[in-house]
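Here is what each chain is made of, one letter per residue.
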Amino acid sequence: MMGHKVRTNVNAQSSAISALLIALVSISGALTACSPSSTPPSQTSQSASTTNGNNASNTSNISATPNASIASAAAAVPNQLTIYTSIDKAALEPLLTSYARQINVPIHIVQDEPMSILARLKAEGANSPADVILTEDAGIFSTAVEEGLLQPFNAEKAVAHVPERYRDPDGNWIALSSYARTAVYDSRVLHTNDISSYADLSKLKWSQKLCLSQGKYIPNQSLVVNLINNLGDKRTQEVMQGWLANISVPVLLDDSEVLKAIESGKCQIGLVNSNHYGRYLQAHPDTPIKIKWINKGYGGVSTNITGVAIPHAAKHTELALGLIEWLAAKDQQSLYASLSNTFPIDPNAEASVLLKSWGDIEVSPIPVRFYGERQALAVDSMQQAGYY
């Protein structure tokens, strides 16, 4: 375990704060577009785009509204909390606007793909301005730990709302919400009853009907960890070989490409993260693509997490811990999960109406930390099966 454990006591949030938070969903945050380079602005009205190598990232600032009741305390704290995230800014801004106003400290958001965030942290080293990492997939967090990019922390109030299955035992990260890697299908040609399990998709009946994203896409590696845990390595390799035999187009880049391929009729079924489908559905409300919680009765659907961590080079650890504990509280967790199309981790928190409309879900009980710990085993199995 790297570094020393950071400890803090963050004041409990009042019920008035929760009321303010809910109200903020319906009003726009005080957002100011910014760009750290001369890259031309994107077409998004609230942010500017900057290019980092081949990876595009978006940045935005959330301003803190002066509050006389906390002005004297705020004067002693650093003037900005920086968050690196792969989560859609639209899901974060209502929450972070509320928090920025409470602590009277502006929050700077840098949005990028998960692996690009890790590359950014490595390149920046000790000079990184990042105070918080908020991203998806336990495999990403495990990679960050292995590369010395995170520091362990002790956020006791957050842990109280996060079951053990969704925590790193060494305290390097905790989950805020979960999602499933499951089946999506073209309802113009298929019915939900046609779909049963991950292994079933390797059968001949799915020949020329399946779309797959690439094996190097980390969500697929995490899924394979789950399959090996349930089916064993040999059977999992057979399943992957069957998938490859059934694809109608060459393996695709990511979930977005799989959804587009189904929409256009290039294939009839694919595997994607449920939160990615939720975002697609909101952008394309008339899509014929439907979701099916796969593997019910076969060990449960593979789930993963969105989680939060503190970079090793973070400059504002007390502020970071305060944000983590605040986000993990039940009310904030429910709202964050709803806005990001994920399930709250706290068993007492409510899932969104949208996710409930997708039906009952049976979840695989595998500890999510296995997705990182056994990632190398999964990659080896995928290579042997020719799916990498």
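Residues numbered from 1 in each chain as written. Predicted model: local features only at pLDDT ≥ 70, side-chain atom pairs only at ≥ 80, totals over all residues. Heavy atoms only, no water.

Visitor: Before we move on, can you summarise the overall build of the protein with the specific residues and values?
Guide: Broken down by element type, the protein carries 15 helices and 15 strands. Long-range contacts, defined as pairs at least 24 residues apart, comprise 80% of the intrachain contacts of the protein with a sequence gap of at least 6. (Helix = DSSP H or I, 4+ residues; strand = E, 2+ residues; numbered from the N terminus. Contact = heavy atoms within 4.5 Å.)

Visitor: Kindly report on the nonpolar core, identifying the contributing residues and their values.
Guide: In this structure, I107, W243, I269, Y277 and L323 are the most contacted members of the largest nonpolar core, which totals 105 residues. Not counting residues within four places of it along the chain, the set of residues in contact with I269 comprises A183, V184, Y185, L190, I195, L201, W206, K209, L210, C211 and I262. (Core = buried A, V, L, I, M, F, W, Y, C linked by side-chain atoms within 4.5 Å. Buried < 20%, exposed > 50% of the residue type's maximum accessible area, 1.4 Å probe, protein only.)

Visitor: Describe the pattern of salt bridges, and please don't skip the residues or the numbers.
Guide: Any two side chains of opposite charge can pair, given that their charged atoms come close. For the structure on display, the rule yields ten salt bridges. For R120, the salt bridge goes to D112, with nearest N and O atoms at 3.3 Å. Using a relative accessible area of 13% as the deciding quantity, one classes R120 as buried. Relative accessible area serves as the criterion here: at 3%, D112 is assigned to the buried category. R181 is the salt-bridge partner of D255, the closest N and O atoms lying 2.9 Å from each other. Of the two residues, D255 sits in helix α9 (residues 255-263) while R181 sits in strand β10 (residues 173-186), which places them 74 residues apart along the sequence. On the accessibility criterion, R181 (2% relative accessible area) is buried. When salt bridges with common partners are traced through the structure, they connect D200, K203 and K205 into a single cluster. (Salt bridge = Lys/Arg side-chain N within 4 Å of Asp/Glu carboxyl O.)

Visitor: Can you explain empty space enclosed by the protein? Please cite residues and give values.
Guide: The tally for this structure, following the rule as stated, stands at three cavities of 30 Å³ or more. Roughly 50 Å³ of volume is contained in the largest cavity. Lining the largest cavity we find D137, Y179, A180, R181, P219, S222, L223, N273, S302, T303 and N304. When its residues are assigned to classes, the lining of the largest cavity shows four nonpolar, five polar and two charged. (1 Å grid on protein atoms, 1.4 Å probe; cavity = no way out; pocket = protein on both sides within 12 Å on 5 of 7 lines; lining within 4 Å. Points joined across faces, edges and corners; volume = space filled by probe spheres on them. Nonpolar A, V, L, I, M, F, W, Y, C, P; charged D, E, K, R; others polar.)

Visitor: Account for the packing of helix α7 (residues 218-231) against helix α15 (residues 375-385), naming residues and giving values.
Guide: Running from amino to carboxyl end, α7 crosses α15 at an angle of 95 degrees, the nearest separation of the two axes being 8 Å. Classed by the angle they form, the pair α7 and α15 counts as roughly perpendicular. In this structure, α7 uses I218, N220, Q221, V224, V225 and I228 to contact α15, whose residues at the interface are Q375, L377, A378, V379, S381 and M382. Residue composition of the contact of α7 with α15, grouped by class: eight nonpolar, four polar and no charged. (Axes fitted to C-alpha atoms, helices over the stretch in contact; angles between N-to-C directions. Parallel < 35°, antiparallel > 145°, perpendicular 65-115°, else oblique.)

Visitor: Can you lay out the pairing of strand β12 (residues 269-273) for me, pointing to particular residues and giving the numbers?
Guide: Along β12, five of the five residues are buried, which leaves the element largely enclosed by surrounding structure. Burial along β12 is two-sided: I269, L271 and N273 facing one way and G270 and V272 facing the other are all buried. Sheet topology note: the β10/β12 ladder contains five bridges and is antiparallel. Bridged to T182 within β12 is V272. Relative to β12, strand β11 (residues 210-211) runs parallel, the two sharing two bridges. Across the sheet, the residue bridging to L210 is I269, located in β12. (Pairing = 2+ DSSP bridges.)

Visitor: For the state of the cysteines, give the residues involved together with the corresponding values.
Guide: Scanning the model with the defined rule gives one disulfide in all. Covalent S-S linkage joins C211 and C267, the inter-sulfur distance amounting to 2.1 Å. A torsion of -105 degrees about the S-S bond marks the disulfide between C211 and C267 as left-handed. One end of the pair, C211, is in strand β11; the other, C267, is in the loop between α9 and β12, with 56 residues separating them in the sequence. We note that C211, like C267, is buried. (Disulfide = S-S within 2.5 Å.)

Visitor: Provide a residue-level description of the side chain of S302, including the pertinent values.
Guide: Mapped onto the secondary structure, S302 falls in strand β14 (residues 302-311). When residues no more than four places from it in sequence are discounted, the contact partners of S302 are Y179, A180, R181, Y198, S222, L223, N226, S364 and Y371.

Visitor: I'd like a rundown of the packing of aromatic side chains, residues and numbers included.
Guide: Inspection of the entire model under this criterion finds six aromatic pairs. Summarising the aromatic geometry, the rings of F141 and W173 are spaced 5.7 Å apart at their centres and angled 25 degrees between planes, so their arrangement reads as stacked. Taken together, the residues F141 in helix α5 (residues 138-146) and W173 in strand β10 connect sequence positions 32 residues apart. By relative accessible area, which is 1% here, F141 ends up buried. Summarising the aromatic geometry, the rings of Y277 and W358 are spaced 5.4 Å apart at their centres and angled 55 degrees between planes, so their arrangement reads as tilted. Highlighted residues: Y277 in helix α10 (residues 274-283) and W358 in the loop between α13 (353-356) and α14 (370-373), separated in sequence by 81 residues. An aromatic cluster of three or more residues is present, and its members are Y277, W293, F343 and W358. (Phe/Tyr/Trp six-rings, centres within 6.5 Å; stacked < 30°, edge-to-face > 60°.)

Visitor: Give me the pairing of strand β6 (residues 107-111): which residues, what numbers.
Guide: With respect to burial, β6 is a largely interior element, five of its five residues being buried. After leaving strand β5 (residues 81-85), the chain enters helix α3 (residues 89-103) and then returns to the sheet as β6, a path that is right-handed. (Right-handed = clockwise from strand over helix to strand, strands pointing away.)

Visitor: Tell me what's going on with α3, and back it up with residues and numbers.
Guide: An ideal rise of 1.5 Å per residue puts 21 Å on 15 residues; α3 measures up with 20 Å between its terminal C-alpha atoms. Most of α3 is tucked away: twelve of the 15 residues are buried. The complete set of buried residues in α3 reads K89, A91, L92, E93, P94, L95, L96, T97, S98, Y99, A100 and Q102. After α3 finishes, the residue N104 shows a positive phi value of roughly 60 degrees. (Expected span 1.5 Å × (residues − 1).)

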